[in-house]
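Listed here are the chains, written in short residue letters.
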Amino acid sequence: MEETIKCLIIGSGPAGYTAAIYTSRANLRPVLYEGIEPGGQLTTTTDVENFPGYPDGVSGQQMMADMRRQAERFGADIRIGTVTSADLSSRPFHVVIDGTTQIKAETLIIATGASAKYLGLPSETKFRGMGVSACATCDGFFYRKKDVAVVGGGDTACEEATYLASICRKVYMIVRKPHLRASKAMQERVFNTTNIEVMFNHNTAEVLGDESGVTGALLRCNDGKEVKIDIAGFFLAIGHHPNTELFADQLTLDAEGYIKTEAGTSKTNIEGVFAAGDVRDPHYRQAITAAASGCIAAIDCERFILSRAE
Ligand code: NDP
(Lines give C-alpha, C1' and ligand atoms only; values in the text may rest on other atoms or scores of the structure.)
Protein backbone atom coordinates (compact mmCIF):
# COMPACT_ATOMS: atom_id res chain seq x y z
CA MET A 1 0.00 0.00 0.00
CA GLU A 2 1.36 3.44 -0.88
CA GLU A 3 2.09 5.88 1.94
CA THR A 4 -0.79 7.78 3.44
CA ILE A 5 -2.13 10.47 1.12
CA LYS A 6 -2.44 13.84 2.80
CA CYS A 7 -5.45 15.00 0.83
CA LEU A 8 -7.60 12.71 -1.30
CA ILE A 9 -10.10 14.34 -3.62
CA ILE A 10 -12.90 12.25 -5.11
CA GLY A 11 -14.49 13.65 -8.26
CA SER A 12 -13.39 15.66 -11.23
CA GLY A 13 -15.97 18.37 -11.83
CA PRO A 14 -15.35 22.06 -11.12
CA ALA A 15 -15.46 21.39 -7.35
CA GLY A 16 -12.88 18.59 -7.43
CA TYR A 17 -10.50 20.36 -9.80
CA THR A 18 -10.69 23.64 -7.91
CA ALA A 19 -9.98 21.80 -4.66
CA ALA A 20 -7.00 20.20 -6.42
CA ILE A 21 -5.69 23.59 -7.61
CA TYR A 22 -5.88 25.08 -4.13
CA THR A 23 -4.56 22.10 -2.20
CA SER A 24 -1.66 21.56 -4.59
CA ARG A 25 -0.70 25.23 -4.33
CA ALA A 26 -0.86 24.79 -0.53
CA ASN A 27 1.61 21.93 -0.92
CA LEU A 28 -0.78 19.25 0.33
CA ARG A 29 0.19 17.02 -2.64
CA PRO A 30 -3.43 16.09 -3.40
CA VAL A 31 -4.39 12.92 -5.21
CA LEU A 32 -7.59 13.19 -7.22
CA TYR A 33 -9.56 10.21 -8.53
CA GLU A 34 -11.63 11.18 -11.53
CA GLY A 35 -14.50 8.70 -11.17
CA ILE A 36 -16.68 7.24 -13.89
CA GLU A 37 -17.34 10.54 -15.66
CA PRO A 38 -14.02 12.41 -15.89
CA GLY A 39 -14.75 16.13 -15.96
CA GLY A 40 -18.22 15.60 -14.50
CA GLN A 41 -21.56 16.82 -15.77
CA LEU A 42 -20.13 19.84 -17.59
CA THR A 43 -18.55 17.58 -20.16
CA THR A 44 -22.06 16.72 -21.30
CA THR A 45 -23.10 20.31 -21.95
CA THR A 46 -22.26 22.44 -24.94
CA ASP A 47 -21.30 26.04 -24.24
CA VAL A 48 -20.88 27.53 -20.80
CA GLU A 49 -21.66 31.21 -21.14
CA ASN A 50 -22.05 32.29 -17.52
CA PHE A 51 -18.68 31.43 -16.02
CA PRO A 52 -16.90 34.73 -15.35
CA GLY A 53 -13.75 35.22 -17.35
CA TYR A 54 -15.04 33.71 -20.59
CA PRO A 55 -16.72 36.62 -22.39
CA ASP A 56 -17.21 34.53 -25.53
CA GLY A 57 -18.29 31.36 -23.70
CA VAL A 58 -16.38 28.10 -23.55
CA SER A 59 -17.33 24.49 -24.17
CA GLY A 60 -17.86 22.42 -21.03
CA GLN A 61 -15.25 19.93 -22.25
CA GLN A 62 -12.69 22.67 -22.78
CA MET A 63 -13.34 24.26 -19.41
CA MET A 64 -12.84 20.96 -17.62
CA ALA A 65 -9.69 20.19 -19.62
CA ASP A 66 -8.35 23.64 -18.65
CA MET A 67 -9.16 23.14 -14.95
CA ARG A 68 -7.47 19.77 -15.01
CA ARG A 69 -4.36 21.20 -16.67
CA GLN A 70 -4.28 24.02 -14.13
CA ALA A 71 -4.38 21.52 -11.24
CA GLU A 72 -1.63 19.41 -12.82
CA ARG A 73 0.52 22.50 -13.30
CA PHE A 74 0.78 22.78 -9.51
CA GLY A 75 1.50 19.10 -9.05
CA ALA A 76 -1.92 17.56 -8.36
CA ASP A 77 -1.75 13.80 -8.94
CA ILE A 78 -4.82 13.12 -11.09
CA ARG A 79 -5.63 9.45 -11.49
CA ILE A 80 -8.07 7.39 -13.49
CA GLY A 81 -10.20 5.30 -11.15
CA THR A 82 -13.37 5.19 -9.14
CA VAL A 83 -13.68 4.94 -5.41
CA THR A 84 -15.69 1.80 -4.71
CA SER A 85 -15.67 1.86 -0.90
CA ALA A 86 -14.56 4.13 1.88
CA ASP A 87 -14.22 3.43 5.58
CA LEU A 88 -14.44 6.72 7.44
CA SER A 89 -14.62 5.22 10.93
CA SER A 90 -11.05 6.24 11.83
CA ARG A 91 -8.21 8.31 10.41
CA PRO A 92 -6.39 7.73 8.18
CA PHE A 93 -9.43 6.79 6.15
CA HIS A 94 -9.31 3.54 4.20
CA VAL A 95 -10.43 3.86 0.61
CA VAL A 96 -10.64 1.25 -2.13
CA ILE A 97 -10.24 2.14 -5.81
CA ASP A 98 -11.94 0.03 -8.49
CA GLY A 99 -12.51 -2.75 -5.96
CA THR A 100 -8.82 -3.60 -5.76
CA THR A 101 -6.37 -0.81 -4.90
CA GLN A 102 -6.32 0.07 -1.19
CA ILE A 103 -5.21 3.53 -0.14
CA LYS A 104 -5.09 5.51 3.08
CA ALA A 105 -5.89 9.20 3.28
CA GLU A 106 -5.45 11.69 6.09
CA THR A 107 -8.23 13.93 4.73
CA LEU A 108 -10.95 13.54 2.15
CA ILE A 109 -12.66 16.06 -0.10
CA ILE A 110 -15.81 14.54 -1.56
CA ALA A 111 -16.80 16.16 -4.85
CA THR A 112 -18.68 13.30 -6.46
CA GLY A 113 -21.45 15.49 -7.88
CA ALA A 114 -24.94 14.45 -8.81
CA SER A 115 -26.45 12.31 -11.57
CA ALA A 116 -29.58 12.62 -13.65
CA LYS A 117 -32.73 10.89 -12.41
CA TYR A 118 -34.71 8.47 -14.56
CA LEU A 119 -38.36 7.47 -14.22
CA GLY A 120 -37.53 3.84 -13.55
CA LEU A 121 -39.61 2.26 -16.32
CA PRO A 122 -38.16 -0.96 -17.77
CA SER A 123 -38.89 0.34 -21.29
CA GLU A 124 -36.93 3.51 -20.48
CA THR A 125 -33.92 1.41 -19.43
CA LYS A 126 -34.27 -0.77 -22.52
CA PHE A 127 -33.97 2.20 -24.88
CA ARG A 128 -31.30 4.14 -22.97
CA GLY A 129 -28.81 5.30 -25.56
CA MET A 130 -31.29 4.32 -28.31
CA GLY A 131 -33.50 7.38 -28.04
CA VAL A 132 -33.68 7.75 -24.26
CA SER A 133 -31.29 10.38 -22.92
CA ALA A 134 -30.86 12.67 -19.92
CA CYS A 135 -28.86 15.28 -21.81
CA ALA A 136 -30.44 17.22 -24.66
CA THR A 137 -27.31 19.23 -25.33
CA CYS A 138 -25.32 16.01 -25.74
CA ASP A 139 -27.76 14.03 -27.82
CA GLY A 140 -30.22 16.52 -29.32
CA PHE A 141 -28.28 16.69 -32.54
CA PHE A 142 -29.22 13.08 -33.37
CA TYR A 143 -32.89 14.11 -33.58
CA ARG A 144 -32.60 16.97 -36.02
CA LYS A 145 -35.93 17.70 -37.71
CA LYS A 146 -37.59 14.86 -35.75
CA ASP A 147 -40.20 14.93 -32.98
CA VAL A 148 -39.03 14.44 -29.42
CA ALA A 149 -40.33 14.67 -25.84
CA VAL A 150 -38.88 16.17 -22.67
CA VAL A 151 -40.12 15.00 -19.28
CA GLY A 152 -40.18 17.53 -16.43
CA GLY A 153 -41.39 21.01 -15.64
CA GLY A 154 -38.36 22.63 -13.99
CA ASP A 155 -35.73 25.01 -15.34
CA THR A 156 -33.72 22.16 -16.79
CA ALA A 157 -36.71 20.78 -18.69
CA CYS A 158 -37.54 24.25 -20.07
CA GLU A 159 -33.94 24.85 -21.06
CA GLU A 160 -33.68 21.47 -22.76
CA ALA A 161 -37.06 21.88 -24.49
CA THR A 162 -36.14 25.28 -25.95
CA TYR A 163 -32.76 23.96 -27.02
CA LEU A 164 -34.35 20.94 -28.70
CA ALA A 165 -36.98 23.15 -30.32
CA SER A 166 -34.18 24.91 -32.21
CA ILE A 167 -33.08 21.60 -33.73
CA CYS A 168 -36.12 19.35 -33.81
CA ARG A 169 -39.43 19.61 -35.64
CA LYS A 170 -41.61 19.39 -32.55
CA VAL A 171 -41.01 19.07 -28.83
CA TYR A 172 -43.59 17.68 -26.38
CA MET A 173 -43.04 18.68 -22.76
CA ILE A 174 -44.57 16.06 -20.48
CA VAL A 175 -45.42 17.73 -17.17
CA ARG A 176 -47.09 15.80 -14.37
CA LYS A 177 -48.63 18.85 -12.67
CA PRO A 178 -51.02 21.49 -14.07
CA HIS A 179 -48.20 24.05 -13.97
CA LEU A 180 -44.47 24.38 -14.54
CA ARG A 181 -42.06 24.64 -11.64
CA ALA A 182 -39.53 26.62 -13.70
CA SER A 183 -38.79 30.33 -13.26
CA LYS A 184 -41.17 32.77 -14.98
CA ALA A 185 -38.50 33.75 -17.52
CA MET A 186 -37.94 30.13 -18.54
CA GLN A 187 -41.68 29.47 -18.70
CA GLU A 188 -42.14 32.43 -21.02
CA ARG A 189 -39.44 31.14 -23.29
CA VAL A 190 -41.26 27.83 -23.54
CA PHE A 191 -44.68 29.37 -24.12
CA ASN A 192 -43.23 31.68 -26.79
CA THR A 193 -41.71 28.80 -28.74
CA THR A 194 -44.24 27.68 -31.30
CA ASN A 195 -42.98 24.14 -31.80
CA ILE A 196 -43.16 23.21 -28.10
CA GLU A 197 -46.41 21.62 -26.93
CA VAL A 198 -46.72 21.44 -23.16
CA MET A 199 -48.79 18.47 -22.04
CA PHE A 200 -49.80 19.30 -18.49
CA ASN A 201 -51.14 16.61 -16.12
CA HIS A 202 -49.46 13.81 -18.06
CA ASN A 203 -47.18 11.00 -16.92
CA THR A 204 -45.27 8.52 -19.03
CA ALA A 205 -46.72 5.02 -18.82
CA GLU A 206 -44.34 3.44 -21.31
CA VAL A 207 -41.57 4.33 -23.74
CA LEU A 208 -42.35 2.62 -27.05
CA GLY A 209 -39.84 1.40 -29.58
CA ASP A 210 -38.46 -1.31 -31.78
CA GLU A 211 -35.03 -2.55 -32.81
CA SER A 212 -34.27 0.87 -34.33
CA GLY A 213 -34.85 2.64 -31.01
CA VAL A 214 -37.57 4.87 -29.58
CA THR A 215 -40.65 5.36 -31.76
CA GLY A 216 -43.12 6.81 -29.29
CA ALA A 217 -44.42 7.11 -25.76
CA LEU A 218 -47.65 6.13 -24.10
CA LEU A 219 -48.82 8.91 -21.80
CA ARG A 220 -51.45 8.76 -19.11
CA CYS A 221 -53.40 11.88 -18.26
CA ASN A 222 -54.34 12.47 -14.63
CA ASP A 223 -58.01 11.85 -15.62
CA GLY A 224 -57.03 8.31 -16.66
CA LYS A 225 -57.10 8.83 -20.45
CA GLU A 226 -54.18 7.48 -22.42
CA VAL A 227 -52.57 9.09 -25.43
CA LYS A 228 -49.76 7.91 -27.69
CA ILE A 229 -47.25 10.32 -29.16
CA ASP A 230 -44.86 9.51 -32.00
CA ILE A 231 -41.33 10.56 -31.11
CA ALA A 232 -37.77 9.53 -31.91
CA GLY A 233 -36.15 10.93 -28.76
CA PHE A 234 -37.22 10.81 -25.11
CA PHE A 235 -35.34 13.20 -22.83
CA LEU A 236 -35.42 13.13 -19.03
CA ALA A 237 -35.12 16.41 -17.14
CA ILE A 238 -36.62 15.47 -13.79
CA GLY A 239 -33.77 16.46 -11.53
CA HIS A 240 -30.65 14.86 -10.16
CA HIS A 241 -29.65 12.70 -7.23
CA PRO A 242 -26.40 13.21 -5.34
CA ASN A 243 -23.70 10.57 -5.67
CA THR A 244 -23.46 9.76 -1.98
CA GLU A 245 -24.30 6.06 -1.86
CA LEU A 246 -20.76 5.22 -0.73
CA PHE A 247 -21.07 7.38 2.35
CA ALA A 248 -24.75 6.94 3.17
CA ASP A 249 -24.35 5.25 6.55
CA GLN A 250 -21.29 7.26 7.59
CA LEU A 251 -21.97 10.89 6.74
CA THR A 252 -25.00 12.92 7.73
CA LEU A 253 -27.16 13.40 4.64
CA ASP A 254 -30.34 15.40 4.12
CA ALA A 255 -33.66 13.80 3.17
CA GLU A 256 -32.66 13.77 -0.51
CA GLY A 257 -29.24 12.29 0.13
CA TYR A 258 -27.13 15.44 -0.18
CA ILE A 259 -24.21 15.67 2.26
CA LYS A 260 -24.92 18.05 5.11
CA THR A 261 -22.14 20.49 5.92
CA GLU A 262 -21.65 22.86 8.82
CA ALA A 263 -23.12 26.24 7.88
CA GLY A 264 -20.72 28.39 5.87
CA THR A 265 -18.09 25.63 5.63
CA SER A 266 -17.42 22.37 3.81
CA LYS A 267 -17.11 20.38 7.04
CA THR A 268 -19.11 17.17 7.31
CA ASN A 269 -19.99 15.39 10.55
CA ILE A 270 -16.66 13.52 10.36
CA GLU A 271 -13.48 15.46 11.14
CA GLY A 272 -11.18 15.56 8.14
CA VAL A 273 -13.95 14.85 5.63
CA PHE A 274 -15.09 17.79 3.53
CA ALA A 275 -17.74 18.05 0.81
CA ALA A 276 -17.84 20.34 -2.20
CA GLY A 277 -20.01 20.94 -5.25
CA ASP A 278 -23.34 19.42 -6.27
CA VAL A 279 -22.95 16.53 -3.82
CA ARG A 280 -23.86 18.98 -1.06
CA ASP A 281 -25.85 21.54 -3.06
CA PRO A 282 -29.39 20.85 -4.23
CA HIS A 283 -30.09 24.54 -4.86
CA TYR A 284 -27.56 26.34 -7.02
CA ARG A 285 -25.82 23.59 -9.00
CA GLN A 286 -23.74 25.94 -11.11
CA ALA A 287 -20.15 25.48 -12.28
CA ILE A 288 -19.16 28.68 -10.51
CA THR A 289 -20.77 27.71 -7.19
CA ALA A 290 -19.23 24.24 -7.40
CA ALA A 291 -15.81 25.74 -8.09
CA ALA A 292 -16.21 28.15 -5.18
CA SER A 293 -17.15 25.34 -2.81
CA GLY A 294 -14.11 23.36 -4.00
CA CYS A 295 -12.00 26.33 -2.94
CA ILE A 296 -13.72 26.45 0.45
CA ALA A 297 -13.14 22.71 0.96
CA ALA A 298 -9.46 23.08 0.08
CA ILE A 299 -8.98 25.89 2.58
CA ASP A 300 -10.92 24.03 5.29
CA CYS A 301 -8.79 20.97 4.59
CA GLU A 302 -5.53 22.91 4.73
CA ARG A 303 -6.53 24.52 8.05
CA PHE A 304 -7.48 21.13 9.45
CA ILE A 305 -4.11 19.65 8.52
CA LEU A 306 -2.28 22.66 9.97
CA SER A 307 -4.25 22.46 13.21
CA ARG A 308 -3.24 18.80 13.57
CA ALA A 309 0.41 19.63 13.01
CA GLU A 310 0.49 22.29 15.74
P1 NDP B 1 -36.28 20.53 -10.45
O2 NDP B 1 -36.24 19.64 -9.26
O3 NDP B 1 -36.38 21.98 -10.27
O4 NDP B 1 -37.48 20.09 -11.39
C5 NDP B 1 -37.72 18.76 -11.67
C6 NDP B 1 -38.98 18.65 -12.53
O7 NDP B 1 -39.17 17.29 -12.86
C8 NDP B 1 -40.23 19.13 -11.81
O9 NDP B 1 -41.10 19.72 -12.73
C10 NDP B 1 -40.80 17.82 -11.28
O11 NDP B 1 -42.20 17.84 -11.16
C12 NDP B 1 -40.45 16.88 -12.41
N13 NDP B 1 -40.37 15.49 -11.94
C14 NDP B 1 -39.64 14.98 -10.93
N15 NDP B 1 -39.81 13.65 -10.83
C16 NDP B 1 -40.67 13.31 -11.81
C17 NDP B 1 -41.25 12.10 -12.23
N18 NDP B 1 -40.96 10.95 -11.63
N19 NDP B 1 -42.09 12.11 -13.27
C20 NDP B 1 -42.39 13.27 -13.90
N21 NDP B 1 -41.88 14.46 -13.58
C22 NDP B 1 -41.03 14.48 -12.53
O23 NDP B 1 -34.95 20.12 -11.27
P24 NDP B 1 -34.18 20.94 -12.39
O25 NDP B 1 -33.11 20.01 -12.83
O26 NDP B 1 -35.08 21.48 -13.40
O27 NDP B 1 -33.52 22.16 -11.61
C28 NDP B 1 -32.70 21.94 -10.46
C29 NDP B 1 -32.17 23.29 -9.95
O30 NDP B 1 -31.29 23.88 -10.90
C31 NDP B 1 -33.29 24.29 -9.74
O32 NDP B 1 -33.00 25.05 -8.60
C33 NDP B 1 -33.24 25.12 -10.99
O34 NDP B 1 -33.76 26.42 -10.78
C35 NDP B 1 -31.74 25.16 -11.30
N36 NDP B 1 -31.50 25.37 -12.73
C37 NDP B 1 -31.34 26.66 -13.18
C38 NDP B 1 -31.15 26.92 -14.51
C39 NDP B 1 -30.97 28.33 -14.95
O40 NDP B 1 -31.15 29.21 -14.13
N41 NDP B 1 -30.61 28.57 -16.19
C42 NDP B 1 -31.10 25.84 -15.52
C43 NDP B 1 -31.32 24.54 -14.96
C44 NDP B 1 -31.53 24.33 -13.62
P45 NDP B 1 -42.95 18.57 -9.93
O46 NDP B 1 -42.87 20.03 -10.20
O47 NDP B 1 -44.30 17.99 -10.04
O48 NDP B 1 -42.23 18.14 -8.69
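For the structure given in this document, a descriptive report is provided here. From a predicted model like this one, the values you see are computed outputs, not experimental measurements. (Residues numbered from 1 in each chain as written. Predicted model: local features only at pLDDT ≥ 70, side-chain atom pairs only at ≥ 80, totals over all residues. Heavy atoms only, no water.)

**What to know about a positive patch on the surface**
- On the surface, Lys117, Arg176, Lys177 and Arg181 cluster together into a positively charged patch.
- Position of Lys117 relative to the elements: it lies in the loop between β9 (114-116) and α3 (122-126). (Patch = residues over 30% accessible without salt bridge, like charges linked within 9 Å, V, L, I, M, F, W, Y side chains within 5 Å. Areas by Shrake-Rupley, 256 points an atom, 1.4 Å probe, with all protein chains shown as cover. Salt bridge = Lys/Arg side-chain N within 4 Å of Asp/Glu carboxyl O. Lys, Arg positive; Asp, Glu negative; His and termini not counted. Charge placed at Lys NZ, Arg CZ, Asp CG, Glu CD. Helix = DSSP H or I, 4+ residues; strand = E, 2+ residues; numbered from the N terminus.)

**Describing the sheet that holds strand β14 (residues 202-210)**
- Strand order in the open sheet made by the three strands is β14-β15-β16, with antiparallel pairing throughout. Across the chains shown, the open sheet's two edge strands, defined by having one partner strand only, are β14 and β16 (226-230). Along the sheet, successive strands turn relative to each other by an average axial angle of 25°, direction set aside.
- Pairing of strand β15 (residues 213-221) with β16, which is carried by five bridges, proceeds in the antiparallel orientation. Bridge pairing in β16 links Leu218 to Lys228. (Pairing = 2+ DSSP bridges. Axes fitted to C-alpha atoms, helices over the stretch in contact; angles between N-to-C directions.)

**Considering the packing of aromatic side chains**
- Inspection of every chain in the model, using the stated rule, returns four aromatic pairs.
- Ring geometry for Phe51 versus Tyr54: centroids 6.1 Å apart, planes at 65°, classification edge-to-face.
- Look at Phe51 and you get buried, because its relative accessible area is 13%.
- When its relative accessible area of 27% is taken as the criterion, Tyr54 is described as partly exposed.
- Ring geometry for Tyr143 against Phe235: centres 5.6 Å apart, planes inclined by 90°, an arrangement best described as edge-to-face. Residue Tyr143 is located in the loop between α4 (136-139) and β11 (147-151), and its partner Phe235 is located in strand β17 (residues 233-236); the two are separated by 92 residues in the primary sequence.
- Stacked on the ring of Phe74, the Lys or Arg Arg25 has its end atom at 5.1 Å from the ring centre. (Phe/Tyr/Trp six-rings, centres within 6.5 Å; stacked < 30°, edge-to-face > 60°. Buried < 20%, exposed > 50% of the residue type's maximum accessible area, 1.4 Å probe, protein only. Lys NZ or Arg CZ within 6 Å of the ring centre and 35° of its normal.)

**A few points about the site of the ligand**
- Neighbouring the ligand are 16 residues; Gly153, Asp155, Thr156, Arg181 and Arg285 lie closest to it.
- Here an oxygen atom of the ligand sits 2.8 Å away from a polar atom, N or O, in the main chain of Gly153.
- Protein chains bury 73% of the 910 Å² of accessible surface belonging to the ligand in isolation.
- For the shell around the ligand, the element with the highest residue contribution is helix α5 (residues 155-165), accounting for three residues.
- A breakdown of the residues in the shell around the ligand according to their chemical character gives four nonpolar, six polar and six charged. (Near = heavy atom within 4 Å. Polar contact = N/O pair within 3.5 Å; in protein donor to acceptor, adjacent residues only side chain to side chain. Nonpolar A, V, L, I, M, F, W, Y, C, P; charged D, E, K, R; others polar.)

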